[in-house]
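A closer look at the structure
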Amino acid sequence: MANLSVELCGVNLKNPVIGASGTVGFGREFDEIYDISVLGGISTKGLTLEPRLGNPVPRIAESRGVILNAVGLQNPGVDSFIEKDLGWLKSKNVAIIANVAGRTLEDYAQICAKLDGLVDMIELNISCPNVRAGGMALGIKPENVFEVSKITKAQLKKTPLMVKLSPNVESIATNARAAQEGGADCISLINTLTGMAIDIERRKPIIANNTGGVSGAGVKPIAVRMVYEAAHAVSIPVVGMGGITCAEDALEFIMAGATAVQVGTANFTDTMAMPKIIQGLNAWCDKHGVKNLAELRDTLILN
Amino acid sequence: MKEVLATVLENKRIAENIQSLTFSTGEVIPVRAGQFLNISTGNGVHLLRRPIAVCKAEGENITICFQLKGEGTHQLALVPAGAKLSVLLPLGNGFFVKESEQKVALVAGGVGIFPIISVIWEYAPKGKQIHSYIGFRNRSAICCLDELEKSTALTVTTDDGSYGLHMNAVQAFVADMDRGNVPDVVLSCGPTPMLRALQAAMQQRDIPCYVSLEERMGCGIGACLVCVCNQTNGTHARVCKDGPVFNAKDVQL
Ligand SMILES: Cc1cc2nc3c(=O)[nH]c(=O)nc-3n(C[C@H](O)[C@H](O)[C@H](O)COP(=O)(O)OP(=O)(O)OC[C@H]3O[C@@H](n4cnc5c(N)ncnc54)[C@H](O)[C@@H]3O)c2cc1C
Ligand SMILES: Cc1cc2nc3c(=O)[nH]c(=O)nc-3n(C[C@H](O)[C@H](O)[C@H](O)COP(=O)(O)O)c2cc1C
Ligand code: FES
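All figures in this text were calculated on a predicted structure; none of them were measured in a lab. (Residues numbered from 1 in each chain as written. Chains lettered and ligands numbered in written order. Predicted model: local features only at pLDDT ≥ 70, side-chain atom pairs only at ≥ 80, totals over all residues. Heavy atoms only, no water.)

Our focus in this paragraph is the overall build of chain B. When helices and strands are tallied, chain B shows five helices and 16 strands. Scaling as 2.2 N^0.38, a compact globule of 253 residues should have a C-alpha radius of gyration of about 18 Å, and chain B matches this with 17 Å. With respect to the three principal axes, the spread of C-alpha positions in chain B is 50 × 40 × 35 Å. By the burial criterion, 57% of the 253 residues in chain B qualify as buried. If you sum the accessible surface of chain B, you get close to 10,200 Å²; carbon and sulfur atoms cover 49% of it. (Helix = DSSP H or I, 4+ residues; strand = E, 2+ residues; numbered from the N terminus. Rg over C-alpha atoms; globule rule 2.2 N^0.38 Å. Buried < 20%, exposed > 50% of the residue type's maximum accessible area, 1.4 Å probe, protein only. Areas by Shrake-Rupley, 256 points an atom, 1.4 Å probe, with all protein chains shown as cover.)

Below, the structure is given as structure tokens:
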């Protein structure tokens, strides 16, 4: 039995596997299938100030090796989460990461103020359209990444701030540095890549929103490269994700510099994906004589 | 709800473009009429599992029937006996017939007949009077007649009149109701235009009517909010978890 625990901005995770935002809800449904307290953490569905109904359906499509989604942030709102779900989630003994999203910078600040001290970490989703960026995502331009990190960090007296980077950018290293300079305690990446899938009989995009976020196994090499670049551009910890389906995938991210990982789409392919990844990490460490998984972080040897 | 690695026992064509697949889960998993499962296509390039109704559950063996539509169902039709497939089941709420409801009308069309067969399977032995109105595209699409004939009364229709009555299932059902054959409850599954016609036909009548909906899915268990439908009260419901069966009065089709 290897020691899988990792420390992330002062938060102790029993293992580095975190359920990725939007794929595990608030954890309740997966808990009907396995006890989610085996997980290192849960990142919640993106929370907004007011409840949101999200996009019309279809909200999902498939392409070989990947999926596309455009849920449009359907969620009950941050107040409802605090009132109805947080207590239950706390009883599960997993690190609780509240994923938050807003239409304006003020939205982000207000949500963070509400959640400060209540959750283990805040994860900013800056990949959604924002008024400040003229309807574009805040996560694209480094100056916007800096600004949203700064304004939210100012609200967080007790809870560490994780800024989730969008991969649809010019330089992931520049944006990673912008988050750090704005005050992020750590960063996570990658959010989904923007894509499109077409039904040629109808000559229409499959997803009602036309475009959707691409995720799943096929995006992994892009994600690993970005995690590597981001991790070597900043001094704060990095949480890696994008296409992780098994322990070996998770280890690629850890060796590239990630302290912990998130698993999203794989939960749809196999509901037990995360417990299996945790078991697999343990088996790999035992087989390779690794006592502490944390020792593997950033051990990549470049050619 | 359980995640299992099922063993394929039989995979055969039963009508034009319709496949019947039986697998063993290795344990008895109770499934109610109208519930569904998520099944892998057998090819790792498909990251999403396909939602398919449970047609029959006998001991450890489950049978599903599906239409060959896109890449995934064509792939699934090729899976040989002995192969392993990951399956998540049972999912959704299913159809319920109350003690007080004796006479049950089943209205189905297209692939909607498969969950409806599970209702006949569960409720015919319980002594319910089952009147089935089943629509097919044409004669070559007809399948599962032996299962459908376990109904108390069966009316088959085809869109082109090549078999049975030349009309659709809703028209056959409404005509029968107009003749005085009024059920205590109506259960239905089929293409959205069919469900819409049924919903409209039932609007003025005081007979409970339940419809089973289809939507593209991610997780299948209620976590990802991908599969929502619009409810008449302005909120969204999850087809996979709150459905797939809804009171026809509660949903906008
Ligand atoms: C609760 C439920 C029960 C169902 N029961 C049956 C059944 O018993 N027999 C049967 O033949 N069909 C059934 N369907 C429809 C079946 O899920 C689709 O025909 C199938 O997923 C198509 O997959 P594909 O790979 O051939 O198509 P593709 O177009 O290649 O699939 C791409 C993606 O879209 C999804 N998708 C495409 N069409 C549908 C659809 N109509 N509904 C939901 N997802 C879709 C697929 O699951 C996949 O994720 C059911 C659907 C639901 C929601
Ligand atoms: C259905 C779905 C919903 C998602 N919702 C959110 C969200 O609300 N907030 C967010 O930051 N990321 C969201 N994501 C992105 C994931 O958290 C993750 O960054 C991405 O899917 C890449 O990881 P994966 O390849 O393991 O899925 C969503 C992804 C999916 C598939
Ligand atoms: S498919 Fe995930 S909520 Fe229904």
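As a further point, take the site of ligand 1. All names here are of chain B. Around ligand 1 sit 20 residues, and of these Pro 51, Gln 67, Gly 70, Gly 72 and Thr 73 come closest. One nitrogen or oxygen atom from the side chain of Lys 69 is found 3.5 Å from a nitrogen atom belonging to ligand 1. Within the side chain of Glu 214, one N or O atom sits 2.7 Å away from a nitrogen atom of ligand 1. Calculation on ligand 1 without its partners gives an accessible area of 830 Å², and the protein chains cover 88% of this total. For the shell around ligand 1, the secondary-structure elements that each account for two or more residues are strand 4 (50-53), strand 6 (61-67) and helix 1 (71-76). Among the elements that take part in the shell around ligand 1, strand 4 stands out by supplying four residues, more than any other. (Near = heavy atom within 4 Å. Polar contact = N/O pair within 3.5 Å; in protein donor to acceptor, adjacent residues only side chain to side chain.)

All names here are of chain B. Along the chain, Val 170 turns up in helix 4 (residues 169-178). According to the relative accessible area criterion, Val 170 is buried, its value standing at 6%. Considering only alpha carbons, one finds Val 170 and Val 226, 56 residues apart in sequence, at a separation of 30 Å. If we skip the residues at most four places from it in the chain, Val 170 touches Val 107, Met 194, Ala 197 and Leu 198. (Contact = heavy atoms within 4.5 Å.)

To continue, consider the site of ligand 2. Residues and elements named next belong to chain A. Not every one of the 22 residues close to ligand 2 is listed here, only the nearest: Ser 21, Lys 164, Gly 216, Gly 243 and Thr 265. Residue Ile 190 places a main-chain N or O atom 3.0 Å away from an oxygen atom belonging to ligand 2. Between ligand 2 and Gly 216, the relevant distance is 2.9 Å, taken from an oxygen atom to a main-chain nitrogen or oxygen of the residue. Contact with the protein chains removes 97% of the 610 Å² of surface that ligand 2 exposes when unbound. When grouped by side-chain class, the residues that make up the shell around ligand 2 number five nonpolar, 15 polar and two charged. (Nonpolar A, V, L, I, M, F, W, Y, C, P; charged D, E, K, R; others polar.)

Moving on, we get to the pattern of salt bridges. According to the stated counting rule, one finds 24 salt bridges over all chains in the structure shown. A:Arg225 is the partner of A:Glu229 in a salt bridge, and the nearest nitrogen-oxygen pair spans 3.1 Å. Of this pair, A:Glu229 and A:Arg225 both sit in helix 6 (residues 220-231), four residues apart, which is roughly one turn of the helix. Among the residues examined, A:Arg225 registers a relative accessible area of 39% and is labelled partly exposed. Between B:Lys150 and B:Glu147 there is a salt bridge whose closest N-O contact spans 3.1 Å. Relative accessible area serves as the criterion here: at 45%, B:Lys150 is assigned to the partly exposed category. Because the salt bridges share partners, they merge into one network encompassing A:Glu29, B:Arg238 and B:Asp242. (Salt bridge = Lys/Arg side-chain N within 4 Å of Asp/Glu carboxyl O.)

Another point: the domain arrangement of chain B. Residue and element names in this part refer to chain B. Looking at chain B, the domain boundaries give domain 1 (2-91) and domain 2 (103-212). When each unit is reduced to the centre of its C-alpha atoms, the spacing between domain 1 and domain 2 is 24 Å. In total, domain 1 and domain 2 occlude about 1,200 Å² of area from one another, counting both sides; carbon and sulfur atoms represent 63% of this. Mapped by element, the contributors of at least two residues to the side of domain 1 that touches domain 2 are strand 1 (2-15), strand 5 (56-58) and strand 6. (Domains from an automatic or database assignment. Buried area = accessible area lost by both parts, 1.4 Å probe.)

Residue and element names in this part refer to chain A. Taken as a whole and judged by the stated rule, the model has three aromatic pairs over all chains. When the ring of Phe 26 is compared with that of Phe 81, the centres are 5.0 Å apart and the planes differ by 50°; the resulting orientation is tilted. Separated by 55 residues along the polypeptide, Phe 26 in the loop between strand 3 (17-19) and helix 1 (28-31) and Phe 81 in helix 2 (residues 78-90) bring together distant segments of the chain. Assessed through its relative accessible area of 12%, Phe 26 is described here as buried. Under the relative-accessibility criterion, Phe 81 is labelled buried at 0%. (Phe/Tyr/Trp six-rings, centres within 6.5 Å; stacked < 30°, edge-to-face > 60°.)

In this section: unusual backbone geometry. Going from A:Leu189 to A:Ile190, the amide bond is cis rather than trans, its omega being 10°. Along the chain, A:Ile190 falls in the loop between strand 10 (186-189) and strand 11 (193-195). In this structure, the amide linkage connecting B:Gly243 to the following residue, B:Pro244, adopts the cis form with an omega of 10°. Tracing the backbone shows B:Pro244 in the loop between strand 15 (236-238) and strand 16 (245-247). With phi around 75°, A:Asn210 is a residue other than glycine that occupies positive phi space. Mapped onto the fold, A:Asn210 is located in the loop between strand 13 (204-205) and strand 14 (212-215). Here B:Cys144, not a glycine, exhibits a phi torsion of approximately 60°, which is positive.

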